[in-house]
Amino acid sequence: MAKKKIEQAKDEIDLTPMIDMIFLIIIFFILAGKITSDLRPEKITVPPTKTALKTELPPGWSKVVINVAGTTQTSQFKGKPPRHTITIGKNATWTGDGYNDFSSYQKLRQFLDRVYNAADKYDDPNKTGIQLPMVAVEIRADSECEYRIVQEVQQVMSDTIDCFPDANGKHMLPKKHASPADMKSFIDIRFTSRKPKKD
Amino acid sequence: MAVNVREEDEEIKPDMTPMIDIIFLLLIFFLLTTKFIPDEKFITSLLPTNKGQANTSQQDIEPPEDCNIMVYPAGMSRGQQPSFYDNEWKTKREVRVAKCRVGAGLEIEIQGHLLSFGSSDAKKWAVVQEVHAYLHEELKKREQGSALRKDEDPVVINCFSGMPWKYAILVYDAVREYERQQTGKGLGNPSDLLEAREVNFAPPRIRDYHEWELGNELWEIIHKK
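The paragraphs below set out a description of the structure included in this document. All values reported here derive from a predicted model rather than from experimental measurement.

1. Concerning the sheet that holds strand E4 (residues 92-97) of chain A
- One open sheet holds the six strands; their spatial order is E4(A)-E3(A)-E2(A)-E7(A)-E10(A)-E2(B), and the pairing between them is mixed. Edge positions in the sheet fall to E4 of chain A together with strand E2 (41-46) of chain B, since each of these pairs with one other strand and no more. In this sheet, neighbouring strand axes are inclined to one another by 25° on average, regardless of whether the strands run parallel or antiparallel.
- In the sheet, strand E2 (residues 62-70) of chain A pairs with strand E7 (residues 135-141) of chain A via seven bridges, with the strands oriented parallel. Within the sheet, the bridge partner assigned to Ser62 of chain A lies in E7 of chain A and is Val135 of chain A.
- Sheet strands touched by helix H4 (residues 147-158) of chain A: E2, strand E3 (83-88), E7 and strand E10 (188-193) of chain A. Its angle to E7 of chain A, the strand with the most contacts, is close to 165°.
- Helix H5 (residues 165-183) of chain B contacts E7 and E10 of chain A together with E2 of chain B of the sheet and is inclined by roughly 75° relative to E2 of chain B.

Here it is, written out as structure tokens:
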């Protein structure tokens, strides 16, 4: 009888240690990993800085993430005009080729108008009469992206320039508003960055 | 007796197979969906609203005194014609090293290639520290002793538009760190920023670009004080 029992034990592999290990691995991944978020494409490397903080949004506020990529490296655009992309969320990627392509800014402005119309507003503390949306805009720009793209994104956000052509076909001229209340300005920016470790 | 014991054994032992199946599924799910992104943080910034509607023209945010910070590619000496800078830019186009200058002060070199993707954190940190130390010293020289930080002359960052973003944000970061030391506030909240000194990026100089205009822009930034 005893003999038979030993043989049976040999047949069955003891699974307990394996399950223990797998549980450990699962718990590790749950705690240490973040589930892929489409809001933050991985191909963007944010620049290193020192003062960046983890900031909380005030209650009732929401956030829009604008991913900005483009290159300044010669090898990447030899012979072609420099290209940039503005990405929001999963499906909205707008590309601009060269210096005189304003379509990506136009799409961005249209998107921001929709966000503005849907958002709660507050009065500008500087008493300009502008109604500001309770929306913070995160500009998550690639460290090698051309600075002019970030500049233009800020101008488009503030709604002080017109990315659509005027009567003479000129783009990016100061925008005329009938009253400050017509301005759809986003002013609260969070520049995404990463603090390098000291050692 | 022996038979009885064996029956009881079998009843107590649950079948592990379905559980292991599910655990493996979970494991594979987490393996595939997880990624490790570096810890991203934020520098809060407020765009000015009180400059009127035409705040895109350069004159409107021209600082009254020399709190201009210029950032431009290294290797372009002063005193040349715009066409020279245009040509330099077209042939090089890559900014491995940048120069930074406050007003008419001495310029420093920023080893920007050490800030890029493949570089180690220690090297990045060293460059960040160097730029911070330089700008803190230069800004200290230009203190006006105003009672309120918001009454100090605004700082305007004039960065060449073709530079990589990392230079502009690093200079911005250094000025903000300096202001943080002056106020003792974190400056992470927009409400703190309303009371803080103004730090702005100069608006874009060129609209409806023609490529040769980049030479003019470089000339202006290199010679600006």
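2. Points about the pairing of strand E6 (residues 155-159) of chain B
All names here are of chain B.
- Taken across its five residues, E6 has five buried, putting it largely inside the fold.
- The alternating pattern of E6 places Val155, Ile157 and Cys159 on one face and Val156 and Asn158 on the opposite face, and all of these are buried.
- Two elements, strand E3 (residues 68-73) and E6, share four bridges in a ladder whose sense is parallel. Bridge assignment links Val71 to a residue of E6, and that residue is Cys159.
- Relative to strand E7 (residues 199-201), E6 runs parallel, the two being bridged by three bridges. By the bridge assignment for E7, Ile157 is matched with Phe201.

3. Structural notes on the pattern of salt bridges
- Applying the stated criterion across every chain, the model contains 19 salt bridges over all chains.
- Overlapping salt bridges bring together Glu143, Arg149, Glu152, Glu179 and Arg197 of chain B as one network.

4. Some remarks on the packing of helix H3 (residues 103-118) of chain A against H4 of chain A
Residues and elements named next belong to chain A.
- Axis separation between H3 and H4 bottoms out at 10 Å; the angle between their running directions is 35°. Considering only the axes of H3 and H4, their crossing is right-handed. Contact residues: H3 offers Tyr105, Leu108, Arg109 and Leu112, while H4 offers Ile149, Glu152, Val153, Val156 and Met157.
- Tallied by class, the residues present in the contact of H3 with H4 amount to seven nonpolar, no polar and two charged.

5. A closer look at the packing of helix H2 (residues 16-32) of chain A against helix H2 (residues 17-33) of chain B
- It is at 10 Å that the axes of H2 of chain A and H2 of chain B come closest, and there the two elements cross at 30°. Relative to H2 of chain B, the element H2 of chain A lies roughly parallel. Crossing angle aside, the handedness with which H2 of chain A passes H2 of chain B is left-handed. Between H2 of chain A and H2 of chain B, the residues in contact are Met18, Ile19, Ile22, Phe23, Ile25, Ile26, Phe29 and Ile30 of chain A and Met19, Ile20, Ile23, Phe24, Leu26, Leu27, Phe30 and Leu31 of chain B, respectively.
- In the contact of H2 of chain A with H2 of chain B, the residues fall into 16 nonpolar, no polar and no charged.

6. What to know about H2 of chain B
- Compared with an ideal rise of 1.5 Å per residue, which puts 17 residues at 24 Å, H2 of chain B spans 24 Å between its outermost C-alpha atoms and is within 8% of the ideal.
- For H2 of chain B, every residue scored as buried is listed here: Ile20, Ile23, Leu27, Phe30 and Thr33 of chain B.

7. A closer look at the nonpolar core
- Core analysis: the biggest nonpolar cluster contains 85 residues, and Ile139 and Phe191 of chain A have the highest contact counts within it.
- Once residues within four sequence positions are removed from consideration, Phe191 of chain A is found in contact with Ile139, Val150 and Gln154 of chain A together with Lys41, Phe42, Ile43, Ser45, Trp165, Ile169, Tyr172 and Phe201 of chain B.
- One finds Ile19, Ile26 and Phe29 of chain A together with Ile20 of chain B within the second-largest nonpolar core, a separate group that totals eight residues.

8. A few points about unusual backbone geometry
Residue and element names in this part refer to chain A.
- The backbone of Lys127 shows a phi angle near 55°, a positive value even though the residue is not glycine.
- By secondary structure assignment, the location of Lys127 is in the loop between strand E5 (121-123) and strand E6 (131-133).
- Look at Met172: it is not a glycine, yet its phi comes out positive at around 55°.
- Topologically, Met172 is positioned in the loop between strand E8 (161-162) and strand E9 (173-174).

9. Some words on the sheet that holds E7 of chain B
Residues and elements named next belong to chain B.
- Ordered in space as E5-E4-E3-E6-E7, the five strands form an open sheet in which the pairing is mixed. Two strands lie at the open edges of the sheet, namely strand E5 (107-110) and E7, each paired on one side alone. Averaged over all adjacent pairs, the angle separating strand axes in this sheet is 20°, with direction ignored.
- With four bridges joining them, strand E4 (residues 98-102) and E5 adopt antiparallel strand pairing. Bridge pairing links Arg101 to Glu107 in E5.
- The sheet strands contacting H5 are E3, E4, E5, E6 and E7, and the helix crosses E7 at an angle near 170°.

Calculation rules
Residues numbered from 1 in each chain as written. Chains lettered and ligands numbered in written order. Predicted model: local features only at pLDDT ≥ 70, side-chain atom pairs only at ≥ 80, totals over all residues. Heavy atoms only, no water. Pairing = 2+ DSSP bridges. Helix = DSSP H or I, 4+ residues; strand = E, 2+ residues; numbered from the N terminus. Axes fitted to C-alpha atoms, helices over the stretch in contact; angles between N-to-C directions. Contact = heavy atoms within 4.5 Å. Buried < 20%, exposed > 50% of the residue type's maximum accessible area, 1.4 Å probe, protein only. Salt bridge = Lys/Arg side-chain N within 4 Å of Asp/Glu carboxyl O. Left-handed = near helix turned anticlockwise from the far one by under 90°. Nonpolar A, V, L, I, M, F, W, Y, C, P; charged D, E, K, R; others polar. Parallel < 35°, antiparallel > 145°, perpendicular 65-115°, else oblique. Expected span 1.5 Å × (residues − 1). Core = buried A, V, L, I, M, F, W, Y, C linked by side-chain atoms within 4.5 Å.

Keep in mind that these numbers describe shape and distance, not what the molecule does.
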